[in-house]
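Residue strings, one per chain:
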Amino acid sequence: FGSDWPIVSCDVREGVHHAVRRRPWTEGDTDQHVTLEQALGAYTTAAASTEYSSKRKGKVHPGMLADLVVLSGDVRDLAVEPPSPIEVRLTICNGSVVYDASDE
């Protein structure tokens, strides 16, 4: 749920949408789509686990490190086709606001 391929978007909203909406390419192929909860978990708790940081990262909880993104809509809208446009409104990294759409 992340990629170092230069042809793949790093936009998590797009990644979640494609993971949830993925369908077999041809009849008889294995269905590889995941649930919305699985896709979000892959970008959060699973990502922390793969770097052996799950005691410090991966969930919003007192004492945990967290980078947060506030979206303009409901993340469940990423699971519909076509996806509803959801914009990033605010990004917080290391406790500091690094992007605020209201400043634009």
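Above this note sits the structure.
Every value quoted in this text rests on a predicted model; they were computed, and no experiment measured them.

Undergrad: Tell me what's going on with the overall build of the protein chain, and back it up with residues and numbers.
TA: Helix and strand counts for the protein chain stand at 3 helices and 3 strands. For the protein chain, the N- to C-terminal ordering of α and β elements is α-α-α-β-β-β. Each principal axis of the C-alpha atoms in the protein chain carries an extent, and together these give about 50 × 35 × 25 Å. Burial analysis of the protein chain (104 residues in total) assigns 16% to the buried set. Look at the contacts in the protein chain between residues 6 or more apart in sequence, and 32% of them connect residues 24 or more apart.

Undergrad: Go over the pairing of strand β2 (residues 88-93) with me, naming the residues and quoting the values.
TA: Relative to β2, strand β1 (residues 68-71) runs antiparallel, the two sharing 4 bridges. Pairing of Val69 across the sheet is with Thr91, part of β2.

The rules behind these values
- Residues numbered from 1 in each chain as written.
- Predicted model: local features only at pLDDT ≥ 70, side-chain atom pairs only at ≥ 80, totals over all residues.
- Heavy atoms only, no water.
- Helix = DSSP H or I, 4+ residues; strand = E, 2+ residues; numbered from the N terminus.
- Buried < 20%, exposed > 50% of the residue type's maximum accessible area, 1.4 Å probe, protein only.
- Contact = heavy atoms within 4.5 Å.
- Pairing = 2+ DSSP bridges.

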